[in-house]
There are 2 protein chains.
Amino acid sequence: MRLSQMLWVTLREDPAEAEIPSHKLLLRAGFIRRIGSGVYAYMPLMWRVLQKVSQIVREEMNATGALECLLPQIQPADLWQESGRWDTYTKAEGIMFSLVDRQKRELGLGPTHEEVITAIARDMIKSYRQLPQHLYQIQTKFRDEIRPRFGLMRGREFIMKDGYSFHTSPESLKETYADMDRAYRNILSRCGLSFRAVEADSGAIGGSGSQEFMVLADAGEDEILYTEDGKYAANVEKAVSLPADVVASPFSSFEKKETPNTETIAKVSEFLQCSPTNIVKNVLYQGVYDSGKTVLILVSIRGDQDVNEVKLNNELVKLAPNYDAKTIISLTVPDENAQQKWASKSLPLGYIAPDLGDDYIAPSAQVEGSFLRLADETVKDLTNFVTGSNETGYHTVGGNWGKEFTLPTVVDVRKASVGDRSLHDPTQLLQTARGIEVGHIFQLGTKYSQAMGATYTSEAGKEEPFVMGCYGIGVSRLAQAAVEQSYDKDGIIWPRAIAPYQAIVIIPNISDEQQVKVAEQLYNDLNSAGIDTLLDDRNERAGVKFKDADLVGIPYRVVTGRSLKDGKVEFVKRATKEAQDIPIEDVVQTILND
Amino acid sequence: MRLSQMLWVTLREDPAEAEIPSHKLLLRAGFIRRIGSGVYAYMPLMWRVLQKVSQIVREEMNATGALECLLPQIQPADLWQESGRWDTYTKAEGIMFSLVDRQKRELGLGPTHEEVITAIARDMIKSYRQLPQHLYQIQTKFRDEIRPRFGLMRGREFIMKDGYSFHTSPESLKETYADMDRAYRNILSRCGLSFRAVEADSGAIGGSGSQEFMVLADAGEDEILYTEDGKYAANVEKAVSLPADVVASPFSSFEKKETPNTETIAKVSEFLQCSPTNIVKNVLYQGVYDSGKTVLILVSIRGDQDVNEVKLNNELVKLAPNYDAKTIISLTVPDENAQQKWASKSLPLGYIAPDLGDDYIAPSAQVEGSFLRLADETVKDLTNFVTGSNETGYHTVGGNWGKEFTLPTVVDVRKASVGDRSLHDPTQLLQTARGIEVGHIFQLGTKYSQAMGATYTSEAGKEEPFVMGCYGIGVSRLAQAAVEQSYDKDGIIWPRAIAPYQAIVIIPNISDEQQVKVAEQLYNDLNSAGIDTLLDDRNERAGVKFKDADLVGIPYRVVTGRSLKDGKVEFVKRATKEAQDIPIEDVVQTILND
């Protein structure tokens, strides 16, 4: 492609709308244009990157025997009502765009396709002899994000590969799940990315096991915890670890002590001269279920630990049936207004005990179990502990479960953190890294097939629900993640496998006939050799051309400049900026061999 | 691909929902599944066809220098408000799905992309030196059709290639338009289709010239008129021709005659013993503009001719500004209710004169020009003509414009028909054929660039609006049109270039080791030779396999059956059913050479 004929405009300045480097660079280098909030046009250079990523995804998926198809983006509401997700997705969370057609029928724009594919499988798969099956598609998806941001990272319209598999047993599912783990690793390796596969929370999709694929980058939205030996890695939302050992409590009898100005664990610990591991910290949350019911939750956790709100959310989802609900739509620290609604009198924040007596919780809130107490595993075995007294400026010391306090329901809601010992090998300490989630694979089990009555006849002649898996990889997000992982002060450094073009031939001065002639010849030779090449034949200054070439990030740059008199051209690798003069006739082979 | 592992289910019976052969066959052969009204899942076989068509489209577009991109499907309402199409598309015609996001902003689902691409060009193209440009995309589009039908032919979600070009002059536009004409002919030829390029009406897209590409098929929705010599072809909506010569009128003086029971032209002609070419026929229409205004239109046309409502519609759109409107949203023959609204007394249908006097048209309707008279060119030069008298049972004869009657505004609203002489070569008579519109190319001119203020600086330093073209080809519709053009009683006959697989190897009896061994070898050899091949290794009766192979329409069938004992296999061409036994080792070469 000749740049003189290409609709390509680069920007000198960082666009104000962009917050992270990859977003700025894709806008500045003319890869994408913003059309609306979270909605971008993929310009020709970007589209080439996306096609290359898609092709790698397709090849690796096909190699596993999965079959490509294309499912509708417009989805009838009744399918989502069957699975029970319509209200959650369109109203409670509002993540699915919905509309009505001219017949006033409700439709949704697909953020994901479990419902559609399960309906198809229900129709087509009658017998165990037709199983297993695995269908996938590469498609634009829609999500009405609360806060679209970071360009293609969290857009409202984005390209995904999503696949769905159907099985007779969890064992068969596990085989395909393992195939997908390998395929996803291959995809990311072939795209030239450094990444980690991590244990993950299954979130709204549901199911048992799930794993995320994280492209490592400093600006990643997710925190990963992993062990140096590479045997354990998890999203911080899901990570488990061994907390530090408990230091023996200095207290042996229960008493209430005045502890002025000790609203934080650090202050209590210092004032009472005890380890934070002796303290039971009590944290208030407010949860709203999709049925509209609101609950107040008091979580007791060891003083040196923090609550993992994703884990807490999952515990509350388990309790949803108690509130005529399917899921929880918000989980927040209650603000003053909310506190007034709950509390009979102003809450002693920073001094709350493992229970809030009638003094604080309005009787109306105590009925129907809308006040919940939970204890993290870290407090279960504590003895003679320090905790709040429900009175500002006072703590109690030497407390024990079963004596002064009743142990609430015990759950795991603790956040693992860097430096913790690994649960799997206590000699390994957890390290931290930041990543961008580009893939997620799930063992769904029978969640959707059961809800939608999607069954087959087993070998034993029984109707059984399909055991299902689903597997997603964000094609447009992956492409931007590649930039986030690989750039320098001058611009993008595309990995060769997904670069829009592999080489760019620059004519410094288009009035110089010799420069033009050699460049045209090289441009033809490179393209003929299967090396996708750009020709910068624009009527611009050489400096502008070099700056643009750096910005757009093409792996190899060939300049038909001064060294032509020696039969040579300048050959520059974008990643290292390593430059050398090489004979004109060696250019093609040099790139092919690199 | 092994059929034993593929999610593929054929149906024995024609599905009730399908009306035309291609729709029935695609459903029966398991290519598509209906998910909702006008919304289909493309199963793996169909997706392969669509990918093959897309790849041919892509190659031919790239060969013209057009650049592929991908524009958003979600489009902000404000862009469509700028072009003035929002209300027409979402409300008056309601063809565009619209929705509101969580911020209550209005969005549309793209049926076409003039607005988005014009906004991008307005941003990026500042100078004549950046022109011409041509961007295209292959994408799923949405239309909220009034009556979705015929499967992929008129769906609410379908795949299109749409391209948009930007120019400094109509001459530059014409060059790209000619390139697209060639590219579209190449695409259809390469897909193995028989087609005609025809002059077309530009409809709601607007602009000056336009041409449609019609795949010929008996069930086509469109009628094409063409000359035997191939020099003229047009959609009947747009076609022009020479009407038959006028036979001299037998009347020489104006008088009113009693003509009982002569409501039709045939009856008048017979009763008065005159040629239909002597008669002025007066036809009533009612049009509703998007501003809500309604007009009554009386069209005078020669007795042997019919009104082309598309041409009439276009004439009325030209008058839209008189009614504070942009377009017309309905054009119908007024029913009795409508007539009562207009008429002071019951209308003398079948006997209407070229004007309806105060006797009939209520004074309220005559104000503001809401009663319109138009004359087709065929009546302009008639003399001593016969026409209605505004009195049931009476006609007038020997009438003349400028004497007894005032000639209304003259327009071309006549329908060309089979047997007419060609306007371009009167020795050629128009023939008729039916077709399926799969492509449409438009010279848009400055319609969108002017409305949206999309300008560039010309060589003379002036701000000028872009001259634009747009070019669409229906990928999913083309794929189904191929089936509509090519099938027999047993199933589909795919053209080789777009067949999902080129060959199918059938093992009649999977318990026969020799049959399996040879089939497996052939399956590998064919795929290795680049011939996409299916292997029917299902545990089914041979008869079922042969029936399915016919139904699915793979061009070459290879059967490892009885002739194996002679070192041969049966080789069958799907199109002709021509069967022969050929040596096993000749199979690959036979297909490659065919």
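About the thresholds
Residues numbered from 1 in each chain as written. Chains lettered and ligands numbered in written order. Predicted model: local features only at pLDDT ≥ 70, side-chain atom pairs only at ≥ 80, totals over all residues. Heavy atoms only, no water. UniProt positions renumbered as here; feature names shortened; annotations may be inferred. Helix = DSSP H or I, 4+ residues; strand = E, 2+ residues; numbered from the N terminus. Contact = heavy atoms within 4.5 Å. Domains from an automatic or database assignment. Buried area = accessible area lost by both parts, 1.4 Å probe. Salt bridge = Lys/Arg side-chain N within 4 Å of Asp/Glu carboxyl O. Polar contact = N/O pair within 3.5 Å; in protein donor to acceptor, adjacent residues only side chain to side chain. Nonpolar A, V, L, I, M, F, W, Y, C, P; charged D, E, K, R; others polar. Axes fitted to C-alpha atoms, helices over the stretch in contact; angles between N-to-C directions. Parallel < 35°, antiparallel > 145°, perpendicular 65-115°, else oblique. Left-handed = near helix turned anticlockwise from the far one by under 90°. Buried < 20%, exposed > 50% of the residue type's maximum accessible area, 1.4 Å probe, protein only.

- Going by what an unreviewed UniProt entry lists, chain A is known as Proline--tRNA ligase and is assigned to Cyanobacterium stanieri.
- Chain A has a UniProt comment under Subcellular location (unreviewed entry) that states "Cytoplasm".

Section: the environment of Cys274(B)
All names here are of chain B.
For step 1, the next point in the chain: If you trace the backbone, Cys274 turns up in the loop between helix 7 (265-272) and strand 14 (279-289).
For step 2, the next point in the chain: Counting along the chain gives 23 residues from Cys274 to Phe251, while the straight-line C-alpha distance between them is 8.7 Å.
For step 3, the next point in the chain: In this view, Cys274 contacts Pro250, Phe251, Ser269, Ile279 and Val386; residues no more than four positions away in its chain are not counted.

Some details on the domain arrangement of chain A
Residue and element names in this part refer to chain A.
For step 1, the next point in the chain: What the domain assignment reports for chain A is domain 1 (7-73 + 110-240 + 432-484), domain 2 (74-109), domain 3 (255-411) and domain 4 (501-593).
For step 2, the next point in the chain: Between domain 1 and domain 2, the contact holds 21 residues from the first and 14 residues from the second.
For step 3, the next point in the chain: Across the domain 1/domain 2 interface, buried area totals approximately 1600 Å², and carbon plus sulfur atoms make up 58% of it.
For step 4, the next point in the chain: Its largest share of buried area at the contact with domain 2, domain 1 owes to Pro111, Glu115 and Asp144, together 31% of the area lost on that side.
For step 5, the next point in the chain: Inspection of the domain 1/domain 2 interface yields 3 salt bridges.
For step 6, the next point in the chain: Close ionic contact of Glu82 with Arg122 constitutes a salt bridge, the shortest N to O distance being 2.6 Å.
For step 7, the next point in the chain: Taken together, the links from domain 1 to domain 2 amount to 8 residue pairs in polar contact (both at pLDDT 80 or more).
For step 8, the next point in the chain: When residues of the side of domain 1 that touches domain 2 are traced back to their parent elements, those giving at least two are helix 5 (114-124) and helix 12 (447-451).

Looking at the interface of chain B and chain A
For step 1, the next point in the chain: Taken together, the contact pairs 59 residues of chain B with 59 residues of chain A.
For step 2, the next point in the chain: With both chains or domains summed, chain B and chain A bury close to 5100 Å², and 62% of this area falls on carbon and sulfur atoms.
For step 3, the next point in the chain: When the buried area of chain B at its contact with chain A is split by residue, Leu7(B), Arg102(B) and Met124(B) rank highest and sum to 15% of it.
For step 4, the next point in the chain: At the junction of chain B and chain A, the tally comes to 23 residue pairs in polar contact (both at pLDDT 80 or more).
For step 5, the next point in the chain: Across the side of chain B that touches chain A, the residue classes tally to 34 nonpolar, 12 polar and 13 charged.

Some points on the side chain of Asp537(A)
All names here are of chain A.
For step 1, the next point in the chain: Among the secondary structure elements, Asp537 is positioned in the loop between strand 28 (533-536) and helix 15 (542-552).
For step 2, the next point in the chain: Here Ser4 takes part through its side chain, which lies 2.9 Å from a polar atom of the side chain of Asp537.
For step 3, the next point in the chain: Apart from the residues lying within four places of it in its own chain, the contact partners of Asp537 are Arg2, Leu3, Ser4, Ile507, Ile510 and Lys545.

Details of the packing of helix 2 (residues 44-63) of chain B against helix 13 (residues 475-485) of chain B
Residues and elements named next belong to chain B.
For step 1, the next point in the chain: Here helix 2 crosses helix 13 at 110 degrees, and the two axes come no closer than 9 Å. Compared by their axis directions, helix 2 and helix 13 come out roughly perpendicular. Crossing angle aside, the handedness with which helix 2 passes helix 13 is right-handed. Judged by residue contacts, Met46, Val49, Leu50, Val53 and Ser54 of helix 2 engage Val475, Ser476, Leu478 and Ala479 from helix 13.
For step 2, the next point in the chain: Taken together, the residues of the contact of helix 2 with helix 13 break down into 7 nonpolar, 2 polar and no charged.

Considering the pattern of salt bridges
Close approach of charged atoms lets side chains of opposite charge pair.
For step 1, the next point in the chain: Enumeration over the complete set of coordinates arrives at 92 salt bridges over all chains.
For step 2, the next point in the chain: For Lys311(A), the salt bridge goes to Asp412(A), with nearest N and O atoms at 3.3 Å. Placement of the pair is Lys311(A) in helix 8 (residues 309-318) and Asp412(A) in the loop between strand 20 (409-411) and strand 21 (430-445), with a sequence separation of 101 residues.
For step 3, the next point in the chain: A salt bridge links Arg85(B) to Glu115(B); its shortest N-O distance comes to 2.8 Å. On the criterion of sequence distance, the pair formed by Arg85(B) in the loop between helix 3 (77-83) and helix 4 (86-92) and Glu115(B) in helix 5 (residues 114-124) is long-range, its members being 30 residues apart. Glu115(B) shares its class with Arg85(B); the two are buried.
For step 4, the next point in the chain: The network of salt bridges with common partners includes Asp488(A), Lys489(A), Asp490(A), Asp550(A), Arg557(A), Arg574(A) and Lys577(A).

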